[in-house]
Amino acid sequence: ATCDGAIFRGKDVIVVGGGDTAMEDALVLARTSRTVTVVHRRDTFRASKVLAQRVMDHPSIKIMWNTVVTEILGESVETEESDDVDLDNQVRVVKAAVLKNVESEESFELETSAVFVAIGHTPTTQFLNGVVEFDNEHPGYVKTVGRSTRTSVPGIFAA
């Protein structure tokens, strides 16, 4: 959102997620976008209370609780006139997102110019189970020593 947000100046955008990254993205986008809709699958945010409150208090940001994105809709746009039709290299732009309320199961379309997905991830570190120590506060993340890349096993590093 920090890099691409300016492209959507004055437009309606969606941010998907409920953690700190989603809150930061929503706040950055709210500076330039007409509206920001935060779509979150739960009824509370996982983000820090301070960031979540700033998002909830922002006049340009609305929140869709208990909602997920099921589809992003777009359309092809003409870039230059040509007699050749290259279906593999068509430029497509976002026009809307199909959202579903997870409680009512109701689906609906929301017009938007962009969808920023900030849902986090779980590292693929299962192969290290039983080999190195993991961070108890962040499941899936290898515990490092201080601010270094060293782990509990000499010769194994994590970034």
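Here the residue numbering is sequential within each chain, running from 1 through the sequence in written order. Two thresholds apply to this predicted model, a pLDDT of at least 70 for residue-level local features and 80 or more for giving and counting side-chain atom pairs, whereas whole-chain, interface and lining totals are computed over all residues. As a convention, hydrogens and water are excluded, and side-chain values are obtained from all of the structure's heavy atoms.

Trainee: Sorry if this is basic, but what is going on with helix α2 (residues 49-57) here?
Mentor: Quick reminder: α-helices carry 3.6 residues per turn. Residues three or four places apart thus point the same way. Here the term buried applies to any residue with accessible area under 20% of the maximum for its type, exposed to any over 50%, and partly exposed to those in between, with areas from a 1.4 Å probe on protein chains only. Every helix listed is a DSSP run of H or I at least four residues long, and every strand listed is a run of E at least two residues long, numbered separately from the N terminus. Of all the residues in α2, the buried ones are Leu-51, Ala-52 and Val-55. Burial along α2 is one-sided: seen end-on, the buried residues are contained in an arc of 100°. Among the exposed residues of α2, those oriented more than 90 degrees off its buried face are Lys-49, Val-50 and Asp-57. Any two residues having at least one pair of non-hydrogen atoms within 4.5 Å are treated as being in contact. In this structure, the buried side of α2 is in contact with α1 (20-30), β2 (35-39) and β3 (61-64). Starting at the helix axis, one direction is taken to each C-beta atom, and the arc is that of these directions.

Trainee: Can you walk me through the sheet that holds strand β1 (residues 12-16) in this structure?
Mentor: Strand-to-strand pairing in sheets goes through backbone hydrogen bonds, with the strands running parallel or antiparallel. Here 4 strands make up an open sheet; going across it, the order is β3-β2-β1-β7 and the pairing parallel. If you trace the sheet from one side to the other, it starts and ends with β3 and β7 (114-117), each paired once. Between one strand axis and the next, the sheet turns by 20° as a mean value, whatever way the strands run. Sitting on the sheet, α1 touches β1, β2, β3 and β7, and the angle it makes with β1 is about 170°. Pairing between two strands requires that DSSP report at least two bridges joining them. The axes are straight lines fitted to the C-alpha atoms, using for helices just the contacting stretch, and the angles between their N-to-C directions are given from 0 to 180°.

Trainee: Can you help me understand α1 in this one?
Mentor: Within α1 the residues assigned to the buried category are Ala-22, Met-23, Asp-25, Ala-26, Leu-27, Leu-29 and Ala-30. Packing partners of the buried residues in α1 comprise β1, β2, α2, β3 and β7.

Trainee: Help me out: how do you make sense of the pattern of salt bridges in this one?
Mentor: A pair can form between side chains of opposite charge whenever their charged atoms are brought close. In the sections that follow, a salt bridge refers to a side-chain nitrogen of Lys or Arg positioned within 4 Å of a carboxyl oxygen of Asp or Glu. Under the defined criterion, the tally for this structure stands at 4 salt bridges. For Arg-34, the salt bridge identified is with Asp-12, shortest N-O distance 2.5 Å. You can see Arg-34 sitting in the loop between α1 and β2 and its partner Asp-12 sitting in strand β1, a full 22 residues away along the chain. Across the pair Lys-143 and Glu-133 runs a salt bridge, and its minimum N-O distance is 3.4 Å. Of this pair, Lys-143 sits in the segment after β7 while Glu-133 sits in the segment after β7, placing them 10 residues apart in sequence. A residue is classified by how much of its surface remains accessible, and Lys-143, at 41% relative accessible area, is partly exposed.

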